[in-house]
Amino acid sequence: MQRPQDQHLPLAPDDVDGRALVNLTNGTPAQARETAAWAAEHAVDYLDGGIMAIPPMIGHPGATLLYSGSRAVFDTHEKTLERLGVAAFLSDDPGTAPLYDIALLSAMYGLFGGALHALAMVRPGEGRATEFTSTLLLPWLQAMMASVPEFARQLDSGELGTRAANSNLAMQAAAYVNLLDASAAEGVDPLLVRPMGELLHRAVAAGHGDGDVPALATLLRARPPHRRRRPLNRPAAGGPKATRPPTVTRAPRVTRAAGPSVGPAGRPG
């Protein structure tokens, strides 16, 4: 990522003196910290943010915006920021808001991916997908989501246990093969669900066969990082670099940055 003054937003020190920077564009924790470092070089307070809402929700209580970085900027402009939605300050580390933004989007896309695979399996048409969703899919997902707080508790405490309370990972890994085989037989590409099966088999091979689902998260954290791959829609090395220009505001007015975080159908996130 280039520093903000390198492209799109050429700013001289006099341009930012005495101003607050609030950046609500989508980005990575590393990009947020780099922008914060650039701001610090110019004695500018910097606040990074992530929008957890779709555009029609902005300005309504259903919208939540995550913030991290300068607590002083947040406290000074909190009332203004709350006009966009519920304002939640997470940390003095500017990378926290984009980290949580991406974590929440990861959960959303995982949920959407599983739901879309399920809908493809039931052969949509003649109202089948609609009835399946209302009578079976949503109640099932809601029931399963009730397990997530316990997953989080186990991961926080480190008390994963050696045996699953219900269906252990060895059983789930064996049964998951049927999910993939049935998908192929129905002409449904399993690309959205195949990685979970691979992770289940990794867990069994690593000795977690008697364990429960939270053990999978420990494998995700423990896996050695791959060589960094070039993100989609981002130019290769040597080409023009994408930038993440911040919002520049003159206190007490706080304005929106270059664009929203992007989610499905133009969703800011």
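Refer to the preceding data block for the structure.
All of the points below concern the structure found in this document. None of the values given here were measured: they were computed from a predicted structure.

Considerations on the overall build of the protein
The number of helices and strands found in the protein is nine helices and five strands. The N-to-C order of helical and strand elements in the protein reads α-β-α-β-β-α-β-α-α-α-α-α-α-β. A total of 269 residues make up the protein; the buried ones form 33% of that total. Across the protein, the fraction of contacts at a sequence separation of at least 24, relative to all contacts at a separation of at least 6, is 67%. Here the protein displays about 15,900 Å² of accessible surface, and carbon together with sulfur accounts for 58% of that area.

Some points on the pattern of salt bridges
Overall, the coordinates contain five salt bridges when judged by the stated rule. With a shortest N-O distance of 3.0 Å, Asp75 and Arg71 are connected by a salt bridge. With Asp75 and Arg71 both in helix α3 (residues 71-81) and four residues apart, the pair spans about one turn of that helix. Glu126 serves as the salt-bridge partner of Arg128, at 3.6 Å between the closest nitrogen and oxygen. For Arg128, a relative accessible area of 38% corresponds to the partly exposed category. Its relative accessible area of 80% is what places Glu126 among the exposed residues.

Looking at the pairing of strand β3 (residues 64-69)
Within a regular strand, side chains alternate between the sheet's two faces. The element β3 is largely enclosed, with a buried count of five among its six residues. Sheet topology note: the strand β2 (residues 45-52)/β3 ladder contains six bridges and is antiparallel. Counted as the bridge partner of Met52 is Thr64 from β3. In terms of strand pairing, β3 meets strand β4 (residues 86-91) through five bridges, oriented parallel. Looking at the pairing, Leu66 lines up with Ala88 of β4. Since β3 and β4 lie parallel, the crossover through α3 that links them has a hand, and here it is right-handed.

Reading the values: the criteria
- Throughout, a residue's number is its position along its own chain's written sequence, starting from 1.
- Residues qualify for local features only when their pLDDT is at least 70, as the model is predicted, and side-chain atom pairs are given and counted only at 80 or more; totals for whole chains, interfaces and linings, by contrast, use all residues.
- In computing side-chain values, all of the structure's heavy atoms are included and hydrogens and water are not.
- Numbering goes from the N terminus for both helices and strands, where a helix is a DSSP run of H or I of at least four residues and a strand is a run of E of at least two.
- Relative accessible area decides the class of each residue, using a 1.4 Å probe on protein chains only: under 20% of the type maximum gives buried, over 50% gives exposed, and in between gives partly exposed.
- Contacts: residue pairs with any heavy atoms within 4.5 Å of one another.
- For the accessible areas, the method is Shrake-Rupley and the probe is 1.4 Å, while residue cover comes only from the protein chains on display.
- Should a side-chain nitrogen of Lys or Arg be within 4 Å of a carboxyl oxygen of Asp or Glu, the pair is scored as a salt bridge.
- Two strands are said to pair when DSSP picks up at least two bridges between them.
- We call a crossover right-handed when, viewed with the strands running away from us, the connection from the first strand over the helix to the second turns clockwise.

These results come straight from atomic positions and should not be treated as a statement about function.
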